[in-house]
Amino acid sequence: MELDELVRSSGEWLRGSGPQSDIVMSSRIRLARNLADYPFISKAAESDRAEIERTLHDAVVKASASPHLQYLDVDKLAGLDRQFLVERQLISREHAESEGARGVAIDAGEQVSLMVNEEDHLRIQVMHSGLDLEQAWEQINHIDDLIADHVTFAYNERLGYLTACPTNAGTGMRVSVLLHLPALVLTRQIEKVFRSLQKINLAVRGLYGEGSQAMGDFYQISNQITLGRTESSLVKQVGDVVPVIIDYERRARSALIQESQENLHDRVSRAYGILRTAQTISSEETMHLLSSVRMGVNLGLLPDLEIPTVNKLFIHTQPAHLQKLNGAELGTADRNIERAKYLREHLNKGDGKSSQN
Amino acid sequence: MKCQKCEKTATFHITELTGGKPQELHLCEECAREYLTQPDSSDGTPASLAGALAQQLAVGQTAADLARLDQQACPVCGITFFEFRNKGRLGCPHDYVCFEKELDPLLLNIHGETRHVGKHPRRSAADTDSQTQLIRLRREMKEAIAAEDYERASELRDEIRQVKEGTG
């Protein structure tokens, strides 16, 4: 698998399939692990980092943790390629921007990614489209076992898996679900949802951008506690709250329609209109408008469009994706022109259905 | 009183009222300015950890206690508690043992628990002591090389080899 082969697809989390995929984009679980016989990253010398990288690279390959794993030396990748992997959610921003020996193993289906030398020596991640936490847990649990047959992880009887940051100790597990919540944002109920989630120790953050106003109305909900609970109970804690939020979002959508079907249809159609005709457009505006369009498609207001097409546009209009698709590095102004061109091409061809039509 | 973030004298005394109980912070002018102008947790320290750390420090610690605590160092990786407090990241697995008294209240604050009940590795670490020893020996070897004490470095290399074979 070459990086360039990934460029034209849109990745597991935007496949737009799986249970509740009109609102739940993806289900993701990650496990933090460290080798028992090396210092954590903050105290690791360059030579330690190189040895850790070699040890875990070997272990991941030997364990054949997942079929068709491709190992990438992140330190040697070009900046644009690293950015591309971040947009694809296969590595973290920190992993892309740090220095020294580090890598990532990715499976062909983009469900599994294993980051070496991130904040911890090993970060295993499994991502499934839609609401699918139980399966994701089964898969990641198995991968963790396979790798543990080849290395010794830092583990303490009382405290469980030991991690660089005490916020991850115990299970080392973060369970997160990525939700598209445009109606809760429009009806100004999103803050209320945040506050109630924080009360039950769940964290919420926007997918892109900082602050509470997430770009494209994407929000990630995850567990904050990692110690003193079993993995299954953490999966359940996050899994149980998601249907409640889905229900809130659906009710907010119904309320918007009831209040004024015309206004909502107008908002969605105008967003669609701008995306189809703009000559230059920023990534931020694109995300904002695509979010309205996506909700419109889900509510049957834009019968010409399909969700996978919209999902693909979300990812392909990101800066690094756009540049990879163009095969050249572009400045902001040129990117905005190319982005508008790309959107026009994909939203105006034929009836706007996905590419095979 | 010394600044909680550096070695200078604390001249700013801030009471933070956001989230849970009020927290007292004692900072020098420079760190106070940084603290007050920074958006939350922009230093990469998770908000929950930063909060727990600040709260822990606020609980009845005199400056002398704090200074003593800050100078404690892990015999394996060499990290001081001051360094951990600043970076929010530990230096090696042994820190959880040697800073147990300081970390337990912190873990309790973050997780509400201090006992793991989840999965464990199928093949549990045969001998964690020797794993920890390896971290220390490697560090000592690097220090010996840096000090151009090659005789000591080669002794340490042999020792590392022995420990590794022992744990096979």
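Residues numbered from 1 in each chain as written. Chains lettered and ligands numbered in written order. Predicted model: local features only at pLDDT ≥ 70, side-chain atom pairs only at ≥ 80, totals over all residues. Heavy atoms only, no water.

### Here we look at the packing of aromatic side chains
Turning to step 1, where the next piece is worked out: By the definition in use, this model includes five aromatic pairs over all chains.
Turning to step 2, where the next piece is worked out: Measuring from ring centre to ring centre gives 5.4 Å for Phe194 of chain A and Tyr219 of chain A, while their planes differ by 70°; the resulting arrangement is edge-to-face. Of the two residues, Phe194 of chain A is situated in helix α7 (residues 190-199) and Tyr219 of chain A in strand β10 (residues 218-223); the sequence distance between them amounts to 25 residues.
Turning to step 3, where the next piece is worked out: According to the relative accessible area criterion, Phe194 of chain A is buried, its value standing at 9%.
Turning to step 4, where the next piece is worked out: Taking 4.9 Å as the distance between ring centres and 75° as the angle between the ring planes, the aromatic pair formed by Phe218 of chain A and Phe314 of chain A counts as edge-to-face. A residue pair is termed long-range when its members are at least 10 positions apart, and Phe218 of chain A in strand β10 and Phe314 of chain A in helix α10 (residues 307-316) qualify at 96 residues.
Turning to step 5, where the next piece is worked out: Take Phe314 of chain A: its relative accessible area is 3%, and that puts it in the buried class.
Turning to step 6, where the next piece is worked out: Its guanidinium or amino end placed over the ring of Tyr161 of chain A, Arg33 of chain A lies 3.4 Å from that ring's centre, counting from NZ or CZ.
Turning to step 7, where the next piece is worked out: Positioned over the ring face of Tyr38 of chain A is Arg138 of chain B, at 3.8 Å from the centre of the ring. (Phe/Tyr/Trp six-rings, centres within 6.5 Å; stacked < 30°, edge-to-face > 60°. Helix = DSSP H or I, 4+ residues; strand = E, 2+ residues; numbered from the N terminus. Buried < 20%, exposed > 50% of the residue type's maximum accessible area, 1.4 Å probe, protein only. Lys NZ or Arg CZ within 6 Å of the ring centre and 35° of its normal.)

### So, α7 of chain A
Residue and element names in this part refer to chain A.
Turning to step 1, where the next piece is worked out: The complete set of buried residues in α7 reads Ile190, Val193, Phe194 and Leu197. The buried residues of α7 occupy an angular sector of 100° when projected down its axis, which confines them to one face. Pointing more than 90 degrees away from the buried face of α7 are the exposed residues Lys192 and Lys199.
Turning to step 2, where the next piece is worked out: Elements that come into contact with the buried residues of α7 comprise α6 (182-186), β9 (202-206), β10 and α8 (231-277).
Turning to step 3, where the next piece is worked out: Trailing α7 by a residue or two, Asn201 shows a phi angle of about 65°, which is positive. (Arc of directions from axis to C-beta. Contact = heavy atoms within 4.5 Å.)

### Brief notes about the sheet that holds strand β2 (residues 69-73) of chain A
Residues and elements named next belong to chain A.
Turning to step 1, where the next piece is worked out: A sheet is described by the order of its strands in space; here eight strands give the open sequence β2-β3-β4-β5-β1-β8-β10-β9, paired in antiparallel fashion. Since the sheet does not close on itself, it has two edges, and those belong to β2 and β9, each with one partner. With direction set aside, neighbouring strand axes in the sheet form an average angle of 20°.
Turning to step 2, where the next piece is worked out: In terms of strand pairing, strand β8 (residues 173-180) meets β10 through five bridges, oriented antiparallel. Across the sheet, residue Ser176 finds its bridge partner in β10, namely Ser222.
Turning to step 3, where the next piece is worked out: Contacting β9 and β10, α7 crosses the sheet at an angle of about 145° to β9. (Pairing = 2+ DSSP bridges. Axes fitted to C-alpha atoms, helices over the stretch in contact; angles between N-to-C directions.)

### Brief notes about the environment of Val61 of chain A
Turning to step 1, where the next piece is worked out: Structurally, Val61 of chain A is set in helix α2 (residues 46-62).
Turning to step 2, where the next piece is worked out: Given the relative accessible area of 54%, Val61 of chain A is considered exposed.

### Thoughts on unusual backbone geometry
Turning to step 1, where the next piece is worked out: Residues other than glycine seldom take positive phi values, yet Glu110 of chain A does so here, at roughly 60°.
Turning to step 2, where the next piece is worked out: Tracing the backbone shows Glu110 of chain A in the loop between β3 (103-107) and β4 (112-116).
Turning to step 3, where the next piece is worked out: Positioned with a positive phi, Glu148 of chain B is a non-glycine residue whose angle comes to about 60°.
Turning to step 4, where the next piece is worked out: In this fold, Glu148 of chain B is placed in the loop between α7 (128-146) and α8 (150-167).
Turning to step 5, where the next piece is worked out: For Glu148 of chain B, a relative accessible area of 58% corresponds to the exposed category.

### Focus: the pattern of salt bridges
Turning to step 1, where the next piece is worked out: Tallying each qualifying case throughout the model produces 30 salt bridges over all chains.
Turning to step 2, where the next piece is worked out: Measuring nitrogen to oxygen at the nearest pair gives 3.9 Å for the salt bridge that ties Glu51 of chain A to Arg138 of chain B. In this pair, Glu51 of chain A sits in helix α2 while Arg138 of chain B sits in helix α7, so the two residues belong to two different chains.
Turning to step 3, where the next piece is worked out: The exposure class assigned to Arg138 of chain B is buried, which follows from its relative accessible area of 6%.
Turning to step 4, where the next piece is worked out: Taken together, the shared-partner salt bridges connect Glu118, Glu119, Asp120 and Arg123 of chain A together with Arg89 of chain B into one network. (Salt bridge = Lys/Arg side-chain N within 4 Å of Asp/Glu carboxyl O.)

### So, the pairing of strand β5 (residues 122-129) of chain A
All names here are of chain A.
Turning to step 1, where the next piece is worked out: By the criterion of burial, β5 is predominantly enclosed, with eight of the eight residues buried.
Turning to step 2, where the next piece is worked out: The alternating pattern of β5 places Leu122, Ile124, Val126 and His128 and Arg123, Gln125, Met127 and Ser129 on opposite faces, both of which are buried.
Turning to step 3, where the next piece is worked out: Bridge analysis of strand β1 (residues 24-33) against β5 gives eight bridges, and the strand direction is antiparallel. Residue pairing in the sheet places Ala32 in a bridge with Arg123 of β5.
Turning to step 4, where the next piece is worked out: Bridge count for β4 against β5 is five bridges, and the pairing is antiparallel.

### Considering the domain arrangement of chain B
All names here are of chain B.
Turning to step 1, where the next piece is worked out: As assigned here, chain B comprises domain 1 (12-57), domain 2 (63-111) and domain 3 (125-165).
Turning to step 2, where the next piece is worked out: Averaged C-alpha coordinates put domain 2 and domain 3 at centres separated by 23 Å.
Turning to step 3, where the next piece is worked out: Joining domain 2 to domain 3, the criterion identifies zero salt bridges.
Turning to step 4, where the next piece is worked out: Linking domain 2 to domain 3 there are two residue pairs in polar contact (both at pLDDT 80 or more).
Turning to step 5, where the next piece is worked out: Split by residue class, the side of domain 2 that touches domain 3 holds six nonpolar, two polar and no charged. (Domains from an automatic or database assignment. Polar contact = N/O pair within 3.5 Å; in protein donor to acceptor, adjacent residues only side chain to side chain. Nonpolar A, V, L, I, M, F, W, Y, C, P; charged D, E, K, R; others polar.)

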